[in-house]
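Here's the letter readout for the chains.
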Amino acid sequence: MPIISFAIQKGGSGKTTTVINLAAALQIQGKKILLVDADPQANLTQALGVSDKTEPNLFTEFKKEMEGKNTEGQSVIIKLAGGLHLIPSSIELAGAELELVSVYGREQLLSWILKPLEAQYDFIFIDCPPAIGMLTVNALVASRYVLMPLQAEFLPLKGVRSFMYHFSNVEKIKKKLGLQIDILGFILTKFDDHKKMNRDVCRQLEEEFGSKVFQTHIRTNIQLAKAQEAGVDIFSFDKHANGAIDYLQLSKEFLSKIE
Ligand SMILES: Nc1ncnc2c1ncn2[C@@H]1O[C@H](COP(=O)(O)OP(=O)(O)O)[C@@H](O)[C@H]1O
Ligand SMILES: [Mg+2]
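Chemist: Honestly, the overall build of the protein in this entry has me stumped. Any pointers?
Modeler: In terms of regular secondary structure, the protein is built from 11 helices and seven strands. Whereas a compact globule of 259 residues would reach a radius of gyration of roughly 18 Å, the protein reaches 17 Å, a difference of no more than 12%. Each of the three principal axes of the protein carries a C-alpha extent, and together these read 55 × 40 × 30 Å. The buried share of the protein, taken over its 259 residues, is 46%. A separation of at least 24 residues holds for 77% of the contacts in the protein among residues at least 6 apart in sequence.

As structure tokens, this is what we get:
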């Protein structure tokens, strides 16, 4: 089932928040989802109440693939109380990024790790680090779609354009492997309709990318940050918050785009 990367080379865009809460919204609607934390900062892992010292983790799996050993498969997956499944990250993953550069099949290791797990899930979401290094390239090579959460400001918009350049290179790699990747869409986060800058950037993005821009905007909502701190999704934390309403709406638009 489709693997989707959440990527943009900027921190604070709402990637991790979107991975958690879109997944939680889809899970409420009966979908089975695996989350993969591919960021050495392990924000996703910690925001789900899991220690970044947990083993096995994505780093230990990468290590095994690099050494040509069998990966853990099932036993790397943590089954969270709420029903979501997670492959955790660890700070050591930052080292893998460097080691990967000289490894055979270096762009495909994550594909190989996820392949045996794919059939069990409706969706696999990969939370990418805020840079386009080997980890993000691995995530994109493994993915059928990419989703780009971003703040509606001018700097992130520049980031989108430079991302598109890297993305076209990944597309070429994938084509050679007989694989396809598409941009599923752009999601505007921390959105405030009263801010002219937010409305202007939204309009520019729509002019450039048309219907790829999600109609649902995620409003700025402090409850989202608090839920993340508390190690839970917004629906468990405060199901009446604007953040919960927005992510539920986003999940419906997501399903209509993907189905
Ligand atoms: N819609 C929102 N409203 C308020 N705070 C948000 C919102 N989305 C994300 N945040 C907060 O902003 C910070 C960065 O978000 P995060 O999802 O971690 O971004 P990224 O993964 O792109 O670095 C976090 O502290 C998060 O809780
Ligand atoms: Mg993040």
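Okay, back to it.
Chemist: How do you make sense of helix 3 (residues 58–66) when you look at a structure like this?
Modeler: Think of an α-helix as turning once every 3.6 residues; residues three or four places apart then point the same way. Those residues of helix 3 that fall on the buried side of the exposure criterion are Leu58, Phe59, Glu61, Phe62 and Glu65. What you see down the axis of helix 3 is that its buried residues fit within an arc of 160°, all on one side. Residues of helix 3 that are buried sit in contact with strand 2 (33–37), strand 4 (85–87), helix 4 (93–100) and helix 5 (109–114). Looking one or two residues beyond helix 3, the residue adopting positive phi is glycine 68, at roughly 70°.

Chemist: When you look at the environment of arginine 203 in this model, what are you seeing that I'm missing?
Modeler: Residue placement: arginine 203 occurs in helix 8 (residues 196–209). Of the residues examined, arginine 203 has 12 C-beta atoms within 10 Å and is grouped as exposed. Linking arginine 203 and valine 213, residues 10 residues apart in sequence, is a C-alpha distance of 9.7 Å.

Conventions used here
Residues numbered from 1 in each chain as written. Chains lettered and ligands numbered in written order. Predicted model: local features only at pLDDT ≥ 70, side-chain atom pairs only at ≥ 80, totals over all residues. Helix = DSSP H or I, 4+ residues; strand = E, 2+ residues; numbered from the N terminus. Rg over C-alpha atoms; globule rule 2.2 N^0.38 Å. Buried ≥ 20, exposed ≤ 12 C-beta atoms within 10 Å, placed from the backbone. Contact = placed C-beta atoms within 7 Å. Arc of directions from axis to C-beta.

In short, geometric facts, not functional conclusions.
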